[in-house]
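Here is what each chain is made of, one letter per residue.
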Amino acid sequence: MFQPRLRCGFISLFTLMAICTAATPHPMTDVVFLAPRTSIDITANWNGPNTLRTYCYPGKPPSLLSLFETVEFLLDIGNDDYTEYRGRTPKEVLDHYNEQRSLFSFTLFSQKRQRIHLSPFKPECIGVSSRQPYNVRLRHAQFDVLRFLQFGLGVLVFCSSRTLAKNSIFYYLAGIVLGICGSLLLIISLTSKLFPRRPMMYGVLIGGWTIGVYILKQLADNMCLILLTYRDYVVWYLIITSLISFLVCYRIGPPKNSRSQNIIMWLLQAVGGGLAYFSSWNSSGVIFLIVSAFAAYYFPQSLVVYGKSLYRRRFPPKRRLLTQEEYYQQTVNETQKSLAELREFVNSPNCNQWNIMSNLRNPIRFASFANGEPHLFDEEIEDYSRTIEESMEAADQNEAEDYLQCSMHYRPLSNNGFNVSQDHRRRPPMPPPFTGLPTRHATCEHSAGL
């Protein structure tokens, strides 16, 4: 007797639902295609939820020039008395609208956003149903600076991942940030121990993730309000969690194992790739750039060196010959530099002065040179100048003129920085005895000849 009554009750309920659904009037629909930088004002609508206005953006073909292009749908309304529906086509938006108006639909998380980012390269439609007047705008940016900075940050993290994996400062900063963000996971872990370990409770914990997502979404949407209202609590939370995270990281210490550093490097590269990928709506273009950066980062350096050497052999650079004045200027500079290094070496403890002086013909001259005297005497300069003059007299006139074109006159400098010989203007130029940088053995041999 009870079963027939229950059956009749279900039949009556379903019949009532079907009648109510059939009695619902069809919505008044209106489709508007938006162009960039357009604005539409909608007046008050007394039909309310029975009116659906759909705003569509047609999209455009993607290209590398529009890699950081963005389109944003802006809804300016006075209160929350509206409902939004999103789809690829107006028909899809209308289907969402009819599903939500059905008696069998149940929506736990209703999204009401006044700023919606649209893909510039795909057609998208947004339906709005409201009694209140509102304004609709479509903001278009050909080059979004924030997305470009996000892409640059991702590439920078990817390229510097090997260095950051071995950096102690980055280790402590990353540990503090993870400690601040992961404290909620610790609370959930401690709370889960209070429940009995039965299959039903595991199902409750696994199915309760939707509530956690809802709480995180509400926190993200009302972050500014939370920071202003509970500022003191937020500051103390950050201080305590940062201190605890730093102490834990200090106790563990930075990773020294090469495999641990490789794992951190791979995680940083994944984070950098994710930042670069989500910085653009043009998926194919940004994937091409990420793959190019990955190939350039792991490209063998030996192939690069081989390619450079092959290019230089195939296209050798043009060499510019030195003029006579540049040659003499270079010889003078290199000689003075080599003599200074020689004097510094013979005065250093690395050189055995007594052993060198025992092999010298004139130890007094060696000591004078070590104390800063010139390495050539005036008599030697006079003999060299006389030899040059005799050679020039015997040489051809053209060769002598070419030799005298140089205005550099080399003279050894004393400690006070002046030339030893004062009549150098009447003498021909004198090249230095050597121009190369001596090694230690060559230095002692040269000093032994003094």
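All figures in this text were calculated on a predicted structure; none of them were measured in a lab.

(A) Local environment of the state of the cysteines. Summed over all chains, the structure comprises 1 disulfide. Note on cysteine connectivity: Cys56 is disulfide-linked to Cys125, with sulfurs 2.1 Å apart. Given an S-S torsion of about 110 degrees, the disulfide between Cys56 and Cys125 has right-handed geometry. Within this pair, whereas Cys56 is found in strand E3 (residues 51-57), its partner Cys125 is found in strand E7 (residues 124-130), the two being separated by 69 residues in sequence. Each member of the pair, Cys56 together with Cys125, is buried.

(B) Broad picture of the side chain of Ser242. Residue position: Ser242 is located in helix H10 (residues 231-252). Here Ser242 is in contact with Ile176 and Ile180, once residues within four sequence places are set aside.

(C) Structural view of the nonpolar core. By size, the foremost hydrophobic cluster in this structure holds 16 residues, and its most contacted members are Tyr55, Phe73, Leu75, Leu118, Tyr134 and Val136. Only E3, strand E4 (70-77), strand E6 (115-118), E7 and strand E8 (134-141) provide two or more residues apiece to this core. No other element matches the 4 residues that E4 contributes to this core. Judged by nonpolar contacts, the second largest core, of 10 residues, contains Leu342, Phe345, Val346 and Phe369.

(D) Seen up close, the packing of helix H11 (residues 258-277) against helix H12 (residues 283-297). With their axes 9 Å apart at the nearest point, H11 and H12 run at an angle of 150 degrees to one another. By the angle class used here, H11 and H12 are roughly antiparallel. Remark: the crossing between H11 and H12 carries right-handed chirality. Contacts between H11 and H12 involve Gln269, Gly273, Ala276 and Tyr277 on the former and, on the latter, Ser283, Val286, Ile287, Ile290 and Tyr297. Class assignment for the residues of the contact of H11 with H12 results in 6 nonpolar, 3 polar and no charged.

(E) A look at the UniProt feature "transmembrane region" (unreviewed entry) in the protein chain. Residues annotated in UniProt with the feature "transmembrane region" (unreviewed entry) correspond here to residues 169-188, 200-219, 234-252 and 287-311. Along residues 234-252 the backbone is 100% helical and 0% strand, and the end-to-end C-alpha distance reaches 27 Å. Taken as a whole, residues 287-311 contains 88% helix and 0% strand, while its terminal C-alpha atoms sit 31 Å from one another.

(F) Geometry of the confidence of the model for the protein chain. On average, residues of the protein chain carry a pLDDT of 75, and 69% of them reach 70 or more. The element-level mean pLDDT for the protein chain is lowest in helix H19 (residues 440-448), coming to 37, with helix H3 (residues 145-159) highest at 92. Residue range residues 18-24 is modelled with pLDDT below 50. Its contacts to residues more than four positions away, or to other chains, number 3 contacts. Under a pLDDT of 50 for its full length, residues 406-450 has, in the predicted model, 109 contacts with residues more than four places off or in other chains.

(G) Local environment of the packing of aromatic side chains. A full pass over the atoms with the stated rule returns 17 aromatic pairs. Taking the centre distance of 5.6 Å and the plane angle of 65 degrees together, the rings of Phe68 and Phe151 count as edge-to-face. One end of the pair, Phe68, is in the loop between E3 and E4; the other, Phe151, is in helix H3, with 83 residues separating them in the sequence. Taking the relative accessible area as the measure of exposure, Phe151 reaches 14% and is therefore buried. By the ring-pair criterion, three or more aromatic residues cluster together here, those being Phe68, Phe143, Phe148 and Phe151. Just above the ring of Phe369 sits the side chain of Arg343; from NZ or CZ to the centre is 4.4 Å.

Conventions adopted
- Residues numbered from 1 in each chain as written.
- Predicted model: local features only at pLDDT ≥ 70, side-chain atom pairs only at ≥ 80, totals over all residues.
- Heavy atoms only, no water.
- Disulfide = S-S within 2.5 Å.
- Helix = DSSP H or I, 4+ residues; strand = E, 2+ residues; numbered from the N terminus.
- Buried < 20%, exposed > 50% of the residue type's maximum accessible area, 1.4 Å probe, protein only.
- Contact = heavy atoms within 4.5 Å.
- Core = buried A, V, L, I, M, F, W, Y, C linked by side-chain atoms within 4.5 Å.
- Axes fitted to C-alpha atoms, helices over the stretch in contact; angles between N-to-C directions.
- Parallel < 35°, antiparallel > 145°, perpendicular 65-115°, else oblique.
- Left-handed = near helix turned anticlockwise from the far one by under 90°.
- Nonpolar A, V, L, I, M, F, W, Y, C, P; charged D, E, K, R; others polar.
- UniProt positions renumbered as here; feature names shortened; annotations may be inferred.
- pLDDT = per-residue confidence, 0-100.
- Phe/Tyr/Trp six-rings, centres within 6.5 Å; stacked < 30°, edge-to-face > 60°.
- Lys NZ or Arg CZ within 6 Å of the ring centre and 35° of its normal.

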